[in-house]
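Okay, here's what each chain looks like letter by letter:
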Amino acid sequence: MARKLKTYQTSLGFFDLAIAAASMKAALQAWGADSNLFHQGAARESHDPDVVAATMAKPGVVLKRPVGSDGPFGEHADLPTDLDDTDKPAKVTRKSKAGKPKKSSSRPADKAAERKAALAYQREQKRRDRERAKEEANREKERERRQASAEKAQAALDEAAREHAEKAESIHAQMEALERKSQAEDTRWDKERRRLEKVLRRARD
């Protein structure tokens, strides 16, 4: 069964924010808040019929308007035009958080619209979950690609090192064989030289 959505409202920076969410926690996550704005009195549930209608039309989507204004909420909003000091947004934010909540509407909620909004919110959440899963799958594929590339490079390095060791061993063996041949040739020549020197001496005598 779809969970009933509620409209929550706060002010951050230069904007008033509103969202139709299943819980305060979900609203805080969507706003990207790093503290509990509800406990701090900086966020509240809104019963303004216009705000409720806007958020229920786009459940799960953060809507905004210039801080302190009474204009409609939308996915995009311009900066406030009546800021006294644009270099001090924090002060504007604190003032906007202290604004009094609007009176609750006595108009009964449209149950069918609420159910529709709740289902739309669930669809939005599922879409976000799919996107996150897709991003994680892409990151995993990239990790696997890098790992495969590293393993291929390591295998190439190992193969090149093996070939070098085989060639170096072969060259070393050839050098030892040449050294033996050189020593044998020196021995042969020494014997031959002494024999020929004897023949030369006899010829001179």
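Please read all numbers here as calculations on a predicted model, not as lab measurements.

Enquirer: Quick question: what am I supposed to make of the packing of aromatic side chains here?
Expert: A full pass over the atoms with the stated rule returns two aromatic pairs. Judged by centre distance (5.4 Å) and plane angle (80°), the rings of tyrosine 8 and phenylalanine 38 are edge-to-face. Of this pair, tyrosine 8 sits in strand β1 (residues 6-12) while phenylalanine 38 sits in the loop between α1 (24-31) and β3 (43-45); the two residues are 30 residues apart in sequence, bridging distant segments of the chain. Residue classification places phenylalanine 38 among the buried positions, given a relative accessible area of 12%. For the pair tryptophan 31 and phenylalanine 38, a centre-to-centre distance of 6.0 Å together with 25° between the ring planes defines the contact as stacked. Taking the relative accessible area as the measure of exposure, tryptophan 31 reaches 8% and is therefore buried. Each member of the aromatic cluster is reached from another via a ring pair, and the members are Tyr8, Trp31 and Phe38. Taking NZ or CZ as reference, lysine 64 lies 5.0 Å from the ring centre of phenylalanine 15, over its face.

Enquirer: So what exactly am I meant to see when it comes to the confidence of the model for the protein chain here?
Expert: Note that predicted coordinates carrying low pLDDT should not be read in detail. In the predicted model, the protein chain carries a mean pLDDT of 82, and 83% of its residues have values of at least 70. Here helix α3 (residues 89-97) stands out as the element of the protein chain with the lowest mean pLDDT, 42, in contrast to β3, whose mean of 95 is the highest. Throughout residues 85-100 the model reports pLDDT below 50, and contacts reaching past four residues in sequence, or to other chains, amount to 13 contacts.

Enquirer: Explanation requested: the pattern of salt bridges in the structure shown.
Expert: Enumeration over the complete set of coordinates arrives at 18 salt bridges. In this structure, arginine 127 and glutamate 124 form a salt bridge, with 2.6 Å as the shortest nitrogen-oxygen distance. Of the two residues, arginine 127 and glutamate 124 both sit in helix α4 (residues 111-204), three residues apart, roughly one turn of that helix. Classification of arginine 127 as partly exposed rests on a relative accessible area of 32%. Salt bridges sharing common partners tie together Glu124, Arg127, Arg128 and Glu131.

Conventions adopted
- Residues numbered from 1 in each chain as written.
- Predicted model: local features only at pLDDT ≥ 70, side-chain atom pairs only at ≥ 80, totals over all residues.
- Heavy atoms only, no water.
- Phe/Tyr/Trp six-rings, centres within 6.5 Å; stacked < 30°, edge-to-face > 60°.
- Helix = DSSP H or I, 4+ residues; strand = E, 2+ residues; numbered from the N terminus.
- Buried < 20%, exposed > 50% of the residue type's maximum accessible area, 1.4 Å probe, protein only.
- Lys NZ or Arg CZ within 6 Å of the ring centre and 35° of its normal.
- pLDDT = per-residue confidence, 0-100.
- Contact = heavy atoms within 4.5 Å.
- Salt bridge = Lys/Arg side-chain N within 4 Å of Asp/Glu carboxyl O.

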